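Each chain, letter by letter, is given below.
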Amino acid sequence: MEAGIQQRPGLVLSPRCPVAQPRGPLGGVMGRAGLPGKLAGTARSARRCQKLFQALLPPWLPGAAAGRTLRLGQHRGAGGASQGRAMLTFMASDSEEEVCDERTSLMSAESPPPRCCQEARQGLEDRESAAQWFQNTRARHRRAHHGGVPWPSPSGFPQRSQDSEEDLDEDADRYMCSGVPGQPSGLEEELTLKYGAKHVIMLFVPVTLCMVVVVATIKSVRFYTEKNGQLPYGAGREQSLQPAISLSIYTPFTEDTPSVGQRLLNSVLNTLIMISVIVAMTIFLVVLYKYRCYKFIHGWLIMSSLMLLFLFTYIYLGEVLKTYNVAMDYPTLFLTVWNFGAVGMVCIHWKGPLVLQQAYLIMISALMALVFIKYLPEWSAWVILGAISVYDLVAVLCPKGPLRMLVETAQERNEPIFPALIYSSAMVWTVGMAKLDPSSQGALQLPYDPEMEEDSYDSFGEPSYPEVFEPPLPGYPGDELEEEEERGVKLGLGDFIFYSVLVGKAAATGSGDWNTTLACFVAILIGLCLTLLLLAVFKKALPALPISITFGLIFYFSTDNLVRPFMDTLASHQLYI
Amino acid sequence: MTAAVFFGCAFIAFGPALALYIFTIATEPLRVIFLIIGAFFWLVSLLFSSLFWFMARTITDNKDGPIQKYLLILGVLVSVLIQEMFRFVYYKLLKKASEGLKTINPDETAPSMRLLAYVSGLGFGIMSGVFAFVNTLSDSLGPGTVGIHGDSPQFFLNSAFMTLVIILLHVFWGIIFFDGCEKKKWSSLLVVLLTHLLVSALTFISPHYGINLVSTYLIMVLMGIWAFFVAGGSCRSLKLCLLCQDKDFLLFNQRSR
């Protein structure tokens, strides 16, 4: 038990760490998965995690896991660290234990503030894409320790004047990580800028990784650029026909027509069908959420993750092995896919180290993007990309848009949304209870850097981090406590998927041209940068697709048709510009 | 053509740029962002140049013959002009952004204009080099024999070295250009433009690699020396650095250690 850490009564610790009574030493979050060890209650959960991992090989029932988490959730719920609700509904994602998982902690711990920007959109295969937003928990804590809010919400924050719980609703729109209360505004803006750039990079890296995986696969594995029916292997044909059949339900109009007009018309019709399917699913999801059918939603998400992690991985692995002519026997294959899938399920839906979770999310986004690239007809894919960014814009910004309603409902209920479908790049800062003043800004940042790099989830042993995280606790009562919590950026998986679809299609159809791929890649990154800039300016939820996809499409078509002939001619004459 | 050619040429062309990126840019998120924005500006300038060339070609109805070669030369020269124009536009954008940052926080966190000049030059250079060379590189992985029809067998090596020199030149041009803009010395801008035109024009004599490469490298060395002095270096500081006697630098390193 932590001793000596004085917590101001009512101060919530880390919402992430499932702590009942014992307030953690850090009084703050560690949003890392399994960083529960810091807090007394979490040692128990760490042991449970350990047992769960050890139980991985024999198939474990989701129900059992759910039951386990339910129990844990209840146990913790009694602790009063939360708002008294042990958010059991969203299965693992919602229970307080779940909060240990930094992915979910980012999600669950943070009930999105009212009018906040949590967006979830039902993708075709239940892959959701969400708007991205910055999270600043500073205000949350401030609010927490002023108002004794038991479950710190992520809300937006700012700062100087928040003293009561009413502010919870007020600063919903301020998502920027701003400065500390009492600090000069310049410092806040500086922090804003600093954090803004870091967040942009924190999103660049996973987006780049996902695109690299997709482009590498497209360029090397022929399977994903072949059209259906050209498969040389019988087994492959059956495997590949299943997704083909399911996708051809969504895009029934063929593009094998001779005339351009007919082809265009068919692709537009395919797009209409696909978009209406997506809209219908999103509305269905919103309705389910509104009527609290959490189990159904959760089951749906579990089913789709299962399919991605097992079936699509199996197909992908099969094709890669075929391409490189590597023989693998079925038992090895089964073992590999089983382990990959099981660990993925645990990481995504329950708890796991942050890096592993992020890696799995990137991999499933890449797999999904590859499926889209393979099974969507050419022109339909481009029109769908355009239409879906328009839809994203509408759904997120219009007052009656389904995503907006989803977010608002979640905020009213103070619940997280669908943690399984959002990529979070949590930058966990230790809860420094140090009083922040301009002079100690540097000091504040130093302690957290090494801790940030640490992946301290250790499910197979007693957590050893209590000694690691020892922030200084200055004299407490009466001090302005500034607790920097995680400042993470979240991006929906659907955004990853569609970015990768765009770049992958550029790689697949650009007649072997790398310039087109690179141009689309840079365009998407710039679009993401601009979106984040707008997010900083407007401080509300924004759709991540429109700007990037627009730039990507513009650059794809212009590079393919204008730049490519120019560069090819230059290269053939060996001229340099 | 083998993997050796591929890796060799790739590292010749992009090695220094990669080293510069890893050691100076990758650690700071803001610099990475400015680098990518610089690359984007170069891309947009290329887009406009291609558009111009495409329109010129459609106007002349795609007739074959010497007119295509002249059009290409014109396209190259116009492209150089457009690139420098976009460098100027990027300078203006960075200036506005810096001023904005400075008014927001008087404490210095925003990168200085010199640093931004370097970063933007590197952004332009990397994008330019990549676009020029990456298709050739990917062809070098495949089967084939270079020069079987009488062309030079040093095609890949020559392209790799040319790409390297272009990347470095862009870095130096960026530094000189931004400095000229800051100090309102328009002669610097003119010199940058003229040397860029010269370098591109030198590639017109492409089968004669020797003259082409050597003169371009000479220009690169000259530009490098000029950029060094423009960026604040001096013979004294260079000597101190090389002899490891630069106290400020040593102290700085020790402190960070």
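Just so it is clear, the structure is predicted and the values come from calculations on it, not from any experiment. (Residues numbered from 1 in each chain as written. Chains lettered and ligands numbered in written order. Predicted model: local features only at pLDDT ≥ 70, side-chain atom pairs only at ≥ 80, totals over all residues. Heavy atoms only, no water.)

Q: Looking at this structure, I do not really get the overall build of chain A. What am I missing?
A: Each helix and strand in chain A was counted, giving 18 helices and three strands. The proportion of buried residues among the 577 residues of chain A is 62%. For chain A, restricting intrachain contacts to residue pairs at least 6 apart in sequence, the fraction spanning at least 24 positions comes to 75%. On chain A, roughly 19800 Å² of surface is accessible, and the fraction owed to carbon and sulfur atoms is 65%. (Helix = DSSP H or I, 4+ residues; strand = E, 2+ residues; numbered from the N terminus. Buried < 20%, exposed > 50% of the residue type's maximum accessible area, 1.4 Å probe, protein only. Contact = heavy atoms within 4.5 Å. Areas by Shrake-Rupley, 256 points an atom, 1.4 Å probe, with all protein chains shown as cover.)

Q: How should the UniProt feature "transmembrane region" (unreviewed entry) in chain B be read in this particular structure?
A: Mapped onto the present numbering, the UniProt feature "transmembrane region" (unreviewed entry) falls at residues 6–25, 32–55, 70–94, 115–135, 155–178, 190–211 and 217–235 of chain B. Measuring from the first to the last C-alpha atom of residues 115–135 of chain B gives 31 Å, for a span that is 100% helix and 0% strand. (UniProt positions renumbered as here; feature names shortened; annotations may be inferred.)

Q: Can you help me understand the side chain of S380 of chain A in this one?
A: Residue and element names in this part refer to chain A. Looking at the secondary structure, you find S380 in helix α13 (residues 378–397). A distance of 3.1 Å separates a polar atom in the side chain of S380 from a polar atom in the side chain of N270. Leaving out residues up to four positions away in the same chain, S380 has contacts with E255, S267, N270 and T271. (Polar contact = N/O pair within 3.5 Å; in protein donor to acceptor, adjacent residues only side chain to side chain.)

Q: In this structure, what is going on with the nonpolar core? I would like to understand it.
A: Within soluble globular proteins, side chains that are nonpolar generally end up buried alongside one another. Counting residues in hydrophobic clusters, the biggest one holds 164 residues, and the most contacted among them are Y499 of chain A together with F131 of chain B. Take this core: its biggest share by element is 16 residues, from helix α2 (residues 29–59) of chain B. Every residue in contact with Y499 of chain A, bar those within four places of it in the chain, is listed here: V207, M211, I524, L528, A544, L545, S548 and I549 of chain A. With 13 residues, the next largest nonpolar core counts F6, F133, V134 and I167 of chain B among its residues. (Core = buried A, V, L, I, M, F, W, Y, C linked by side-chain atoms within 4.5 Å.)

Q: What's the story with the side chain of S45 of chain B in this structure? I'm lost.
A: Tracing the backbone through its elements, the reader meets S45 of chain B in helix α2. Contacts of S45 of chain B, omitting those with residues within four sequence positions, involve I82, Q83 and F86 of chain B.

Q: Looking at this model, I keep getting lost on helix α16 (residues 493–509) of chain A. Mind explaining?
A: In this model α16 of chain A runs 24 Å from its N-terminal to its C-terminal C-alpha over 17 residues, within 8% of the 24 Å that 1.5 Å per residue would give. Of all 17 residues making up α16 of chain A, 15 are buried, and the element is well covered by its neighbours. (Expected span 1.5 Å × (residues − 1).)

Q: Would you take a moment to explain the UniProt feature "transmembrane region" (unreviewed entry) in chain A for this structure?
A: All names here are of chain A. This chain's UniProt record puts "transmembrane region" (unreviewed entry) on residues 200–218, 268–289, 296–318, 330–348, 355–373, 379–398, 518–538 and 544–563. What you have in residues 268–289 is 100% helix and 0% strand, and the ends, taken at the C-alpha atoms, are 31 Å apart. This span, residues 544–563, is 95% helix and 0% strand, and a straight line between its end C-alpha atoms measures 27 Å.

Q: How should I be thinking about the confidence of the model for chain B in this particular structure?
A: Taken over all residues, the pLDDT of chain B has a mean of 89, while the share at 70 or more is 95%. ipTM for the predicted complex: 0.92, alongside a pTM of 0.72. (pLDDT = per-residue confidence, 0-100.)

Q: Got a minute to help me understand the interface of chain B and chain A in this structure?
A: Think of interface size as the accessible area that goes away when the parts come together; that is how it is often given. Listed per partner, the contact involves 47 residues of chain B and 37 residues of chain A. Between chain B and chain A, a total of about 3800 Å² is buried, with carbon and sulfur atoms accounting for 77% of that surface. Applying the counting criterion to the chain B and chain A interface returns zero salt bridges. Counting across the chain B and chain A interface gives six residue pairs in polar contact (both at pLDDT 80 or more). Secondary-structure elements contributing two or more residues to the side of chain B that touches chain A are α2, α3 (66–104), α4 (113–140), α5 (155–182) and α6 (186–202) of chain B. No other element matches the 17 residues that α2 of chain B contributes to the side of chain B that touches chain A. Here the side of chain B that touches chain A is built from residues that sort into 29 nonpolar, 17 polar and one charged. (Buried area = accessible area lost by both parts, 1.4 Å probe. Salt bridge = Lys/Arg side-chain N within 4 Å of Asp/Glu carboxyl O. Nonpolar A, V, L, I, M, F, W, Y, C, P; charged D, E, K, R; others polar.)

Q: How do you make sense of the environment of S389 of chain A when you look at a structure like this?
A: All names here are of chain A. Here S389 is to be found in helix α13. A relative accessible area of 6% means that S389 is categorised as buried. Distance from S389 to S548, taken between C-alpha atoms, is 8.9 Å for residues 159 residues apart in sequence. Contact partners of S389, with chain neighbours within four places excluded, come to L545, P546 and I549. From its side chain, S389 meets the backbone oxygen of G386 in a polar contact 2.9 Å long.

Q: Teacher, can you tell me more about the pattern of salt bridges here?
A: Where charged atoms from two side chains of opposite charge approach closely, those side chains can pair. Residue and element names in this part refer to chain A. By the definition in use, this model includes six salt bridges over all chains. Between E408 and R404 there is a salt bridge; the shortest N-O distance is 3.5 Å. Taken as a pair, E408 and R404 lie in helix α14 (residues 402–413) at a separation of four residues, close to a single helical turn. On the accessibility criterion, R404 (22% relative accessible area) is partly exposed. Residue R564 pairs with D560 through a salt bridge whose shortest N-O separation is 3.0 Å. A residue pair is termed a helical-turn pair when its members lie 3 or 4 positions apart in one helix, as R564 and D560 do in helix α18 (residues 545–572) at four residues. What makes R564 partly exposed here is its relative accessible area of 22%. Given a relative accessible area of 12%, D560 falls into the buried group.

Q: Is there a simple way to think about the packing of helix α17 (residues 514–538) of chain A against α2 of chain B in this case?
A: Helix packing for two helices is described by the angle between their axes and how far apart those axes are. At their nearest, the axes of α17 of chain A and α2 of chain B sit 10 Å apart, and the two run at 125 degrees to each other. The orientation of α17 of chain A with respect to α2 of chain B, classified from their angle, is oblique. As α17 of chain A runs across α2 of chain B, the sense of the crossing is left-handed. Across the interface between the two elements, A519, V522, L525, I526 and C529 of chain A from α17 of chain A touch I33, I36, I37, F40 and L43 of chain B from α2 of chain B. (Axes fitted to C-alpha atoms, helices over the stretch in contact; angles between N-to-C directions. Parallel < 35°, antiparallel > 145°, perpendicular 65-115°, else oblique. Left-handed = near helix turned anticlockwise from the far one by under 90°.)

Q: Help me out: how do you make sense of the packing of aromatic side chains in this one?
A: Both the distance between ring centres and the angle between the ring planes are used here to describe each pair of aromatic rings. Here the structure, examined in full by the defined rule, presents 30 aromatic pairs over all chains. Centre to centre, the rings of W382 of chain A and Y556 of chain A are 4.2 Å apart; their planes meet at 20 degrees, and the pair counts as stacked. Here Y556 of chain A lies in helix α18 and W382 of chain A lies in helix α13, a separation of 174 residues in the sequence. W382 of chain A sits in the buried class, given a relative accessible area of 9%. An aromatic cluster is defined as three or more aromatic residues linked by ring pairs; in this entry it consists of F551 and F555 of chain A together with F40, F41, F48, F86, Y90 and F124 of chain B. Positioned above the aromatic ring of W514 of chain A is the side chain of K219 of chain A, whose terminal nitrogen or guanidinium carbon lies 4.7 Å from the ring centre. We note K351 of chain A situated over the ring of W350 of chain A; from NZ or CZ to the ring centre the distance is 5.2 Å. (Phe/Tyr/Trp six-rings, centres within 6.5 Å; stacked < 30°, edge-to-face > 60°. Lys NZ or Arg CZ within 6 Å of the ring centre and 35° of its normal.)

Q: Sorry, what's going on with the pairing of strand β3 (residues 489–492) of chain A here?
A: Each regular strand displays side chains that alternate between the two surfaces of the sheet. All names here are of chain A. What you see with β3 is no split at all: V489 and L491 on one side and K490 and G492 on the other are buried throughout. By the bridge criterion, four bridges tie strand β2 (residues 422–425) to β3 in an arrangement that is antiparallel. By the bridge assignment for β3, I422 is matched with G492. (Pairing = 2+ DSSP bridges.)

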